[in-house]
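Per-entry structural report
Here are the chains, one letter per residue:
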Amino acid sequence: MPELPEVETVVRGLRTVLPGRRIVSIRLGKTDFMDDPAILERHLPGQRIEAVERYGKFVLLRLVSATKAHGLQSDGRQRYSLLVHLGMTGNLSLRPAAEPLRPHTHACFALDDGRELRYTDPRRFGRVALLSEDALGSVLGKLGLDPLETSLADFRQRFAGRRAMVKALLLNQSVLRGLGNIYADESLWRARIHPARHASTLAPRQVSLLYRSIRRVLSDAIRLGGSSISDFVDAGGLPGEFQLRHRAYGREGKGCFRCGARIRRILVAGRSSHFCPRCQRAPRRKH
DNA sequence: CGTTGAACCTGTTTGC
DNA sequence: TGCAAACAGGTTCAAC
């Protein structure tokens, strides 16, 4: 579910409500996917949410201790950020505190306005962590470029000399941050590049087409509120609409929107990869 | 470096 | 119908 456009959609929804709110108490369910639940319980109550940000596929709540009169950590205590990764099935939503919990709700953060920020995640592939500035920096520092905030020149540089298959590179968060299986396939379809092409064999023209395709696909998807394949909903519970615009992902056996050939699905980099065998020519086999 | 497969965990869909 | 296998938006680690 959650790739860059879905996470951005969630963040935008949270941003309309959370900044300025104080976390008054928390309740945790299963905690095996959290870095350190005890730290959450000890330090989260009493924090005020200053800002909501997205970094790649991570949601970031910037916090400041609400016990101090002016919000500045004048006592020299650490500033914390709550880091949330939605994994495959994670969901953040804002609900009235009195509303019954949905199944698989593993964290409830009660706010000072009577609402709760709730984290739900059936598979528990997500991540929840309360991190100091330093710890946060070391997590985010491993990530690559944000495709929407990157120049063509920098994008090129990231691909230069890489022999890996282009699909593997697009999914690698230390190269680009935010793409996942859906948007990698959609971008490659748009750029007419086969997922198993080795990056170093792409012509400069193709690299720039890929760059533009990624940005177009991601910004269109953000505009439509992300893709809802089976269960993605935004912070208010509404589904996205970009799944109606998918051209490759999930369309195995159906006609290519450009040429009519049947979309195929193969395994590349260990992931299902959907592509048009006519528009996206297979790389010449090295012998 | 790059690739592959397994692992983490639960729910849904597909196939015999 | 029923049950097992396959599959799912992600990431990490070991082994080669």
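One structure accompanies this document, and this report is about it.

**Focus on the overall build of chain A**
A tally of regular secondary structure across chain A gives seven helices and 10 strands. Over its C-alpha atoms chain A spans a radius of gyration of 21 Å, differing by no more than 12% from the 19 Å that the globule rule assigns to 287 residues. Overall, chain A is about 65 × 40 × 30 Å in size when its C-alpha atoms are taken along their principal axes. The buried share among the 287 residues of chain A stands at 50%.

**Considering the packing of helix α4 (residues 152-159) against helix α7 (residues 204-223)**
Contact geometry of α4 with α7 gives a least axis separation of 10 Å together with a crossing angle of 115°. The handedness of the crossing between α4 and α7 comes out as right-handed. Residue-level inspection shows L152, F155, R156 and F159 of α4 in contact with α7, the latter providing P204, R205, V207, S208, L210, Y211 and I214. Across the contact of α4 with α7, the residue classes tally to eight nonpolar, one polar and two charged.

**Overview of the sheet that holds strand β2 (residues 47-55)**
An order of β2-β3-β4-β8 is seen for the four strands of this open sheet, with the pairing classed as antiparallel. The two strands at the open ends of the sheet, each matched to only one other strand, are β2 and β8 (127-132). On average, each strand axis in the sheet is tilted by 20° relative to the strand beside it, whichever way the strands run. Relative to strand β4 (residues 80-85), strand β3 (residues 58-65) runs antiparallel, the two sharing five bridges. Its bridge partner lying in β4, L61 is registered against L82.

**Quick look at the protein's contact with DNA strand B**
As a structural note, the neighbourhood of DNA strand B is formed by K30, H104, P122, R123, R124, F125, R162, R163, A164, M165 and H198. A share of 67% of the atoms of DNA strand B within 4 Å of the protein falls on sugar and phosphate groups. The side chain of R123 places a nitrogen or oxygen atom 3.0 Å from a base oxygen of DNA strand B. Note that a phosphate oxygen of DNA strand B is positioned 3.1 Å from one of the backbone N or O atoms of R163. Its residues placed into classes, the surface near DNA strand B shows four nonpolar, two polar and five charged.

**A closer look at α7**
Each turn of an α-helix holds 3.6 residues, which means side chains three or four residues apart point in the same direction. Taking 1.5 Å of rise per residue, 20 residues should cover 28 Å, and α7 covers 29 Å from first to last C-alpha, within 8% of that figure. Three or more residues of α7 are buried, namely V207, S208, L210, Y211, S213, I214, V217, L218, D220, A221 and I222. Among the structural elements, α1 (4-15), α4, α5 (166-171) and α6 (181-191) are those in contact with the buried residues of α7. Once α7 finishes, G225 follows within two positions and takes phi at roughly 80°, a positive value.

**A closer look at the side chain of R118**
Within the element layout of this structure, R118 appears in strand β7 (residues 115-120). A distance of 3.3 Å separates a polar atom in the side chain of R118 from the backbone oxygen of A97. A polar atom in the side chain of R118 sits 2.9 Å from the side chain of E116.

**Some details on α1**
The end-to-end C-alpha separation of α1 is 16 Å, in line with the 16 Å expected for 12 residues at 1.5 Å each. By the criterion of burial, α1 is predominantly enclosed, with nine of the 12 residues buried. Regarding α1, the residues found buried are L4, P5, E6, V7, E8, T9, V10, V11 and L14. Each element contacted by the buried residues of α1 is listed here: β2, β3, β5 (91-96), β7, α6 and α7.

**So, the state of the cysteines**
Under the definition given, this model contains zero disulfides. We note that C259 lacks a disulfide partner, and the nearest cysteine sulfur, in C276, lies 3.5 Å from it. Look at C276 and you get buried, because its relative accessible area is 0%.

**So, the packing of aromatic side chains**
Per the counting criterion, the structure on display carries four aromatic pairs. Aromatic pair Y183 and F242: ring centres 5.8 Å apart, planes at 35°, arrangement tilted. Separated by 59 residues along the polypeptide, Y183 in helix α6 and F242 in the loop between α7 and β9 (264-268) bring together distant segments of the chain. Taking relative accessible area as the criterion, Y183 reaches 0% and is therefore assigned buried. You can call F242 buried: its relative accessible area is 5%. Every member of this aromatic cluster is reached through a ring pair, and the members are F155, F159 and Y211. The side chain of R177 reaches across the aromatic face of Y55, ending 3.9 Å from its centre. The ring of F257 has R247 lying over it, and the distance from NZ or CZ to the ring centre is 4.0 Å.

Calculation notes
Residues numbered from 1 in each chain as written. Chains lettered and ligands numbered in written order. Predicted model: local features only at pLDDT ≥ 70, side-chain atom pairs only at ≥ 80, totals over all residues. Heavy atoms only, no water. Helix = DSSP H or I, 4+ residues; strand = E, 2+ residues; numbered from the N terminus. Rg over C-alpha atoms; globule rule 2.2 N^0.38 Å. Buried < 20%, exposed > 50% of the residue type's maximum accessible area, 1.4 Å probe, protein only. Axes fitted to C-alpha atoms, helices over the stretch in contact; angles between N-to-C directions. Left-handed = near helix turned anticlockwise from the far one by under 90°. Contact = heavy atoms within 4.5 Å. Nonpolar A, V, L, I, M, F, W, Y, C, P; charged D, E, K, R; others polar. Pairing = 2+ DSSP bridges. Near = heavy atom within 4 Å. Polar contact = N/O pair within 3.5 Å; in protein donor to acceptor, adjacent residues only side chain to side chain. Expected span 1.5 Å × (residues − 1). Disulfide = S-S within 2.5 Å. Phe/Tyr/Trp six-rings, centres within 6.5 Å; stacked < 30°, edge-to-face > 60°. Lys NZ or Arg CZ within 6 Å of the ring centre and 35° of its normal.

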